[in-house]
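# Commentary on secondary and tertiary structure
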Amino acid sequence: MDANQFVNTDTSCWYDNKRYSEGALIQIHSFTLICGAKFVQHNNSQLIWLKLDKQGNAIYPTKPATITVN
């Protein structure tokens, strides 16, 4: 793997033109975000910012239960 491939694998979270590694915490207004795996069950998953609840647990985005076609 060359340097360009490493940079483009989404192994970082970005905020305010700064790169953060998995587990990094940032405070935005009244809530805290953690840089975590987009898909917890997958190794080397893309990293995204996740909001923390009051107990400090990451809140993952929910997927719709059904698919609708127009």
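Summary of the structure given here. Quick caveat, the model's predicted, so the values are computed rather than measured.

## Considerations on the packing of aromatic side chains
- All told, the structure shown has one aromatic pair when counted by the stated rule.
- Considering the side-chain rings of Tyr20 and Trp49, the 5.5 Å spacing of their centres and the 70° angle between planes classify their relative orientation as edge-to-face. Residue Tyr20 is located in strand 2 (residues 18-20), and its partner Trp49 is located in strand 5 (residues 47-52); the two are separated by 29 residues in the primary sequence.
- The exposure class assigned to Tyr20 is partly exposed, which follows from its relative accessible area of 22%.
- By relative accessible area, which is 22% here, Trp49 ends up partly exposed.

## Overview of the sheet that holds strand 4 (residues 31-37)
- Judged by pairing direction, the sheet is antiparallel, and its four strands sit side by side in the order 3-4-5-6 without closing on themselves. Every other strand in the sheet has two partners, leaving strand 3 (25-28) and strand 6 (58-59) as the edge strands with one partner each.
- Note: strand 4 against strand 5, five bridges, orientation antiparallel. The residue of strand 5 that forms the bridge with Gly36 is Ile48.

## Concerning the state of the cysteines
- The final tally for this structure, using the stated rule, is one disulfide.
- Disulfide partner of Cys13: Cys35, at an S-S distance of 2.1 Å. Judged by the sign of its S-S torsion, about 85°, the cystine formed by Cys13 and Cys35 is right-handed. Of this pair, Cys13 sits in strand 1 (residues 13-15) while Cys35 sits in strand 4; the two residues are 22 residues apart in sequence, bridging distant segments of the chain.
- Look at Cys13 and you get buried, because its relative accessible area is 2%.

What counts, and at which threshold
- Residues numbered from 1 in each chain as written.
- Predicted model: local features only at pLDDT ≥ 70, side-chain atom pairs only at ≥ 80, totals over all residues.
- Heavy atoms only, no water.
- Phe/Tyr/Trp six-rings, centres within 6.5 Å; stacked < 30°, edge-to-face > 60°.
- Helix = DSSP H or I, 4+ residues; strand = E, 2+ residues; numbered from the N terminus.
- Buried < 20%, exposed > 50% of the residue type's maximum accessible area, 1.4 Å probe, protein only.
- Pairing = 2+ DSSP bridges.
- Disulfide = S-S within 2.5 Å.

Keep in mind that these numbers describe shape and distance, not what the molecule does.
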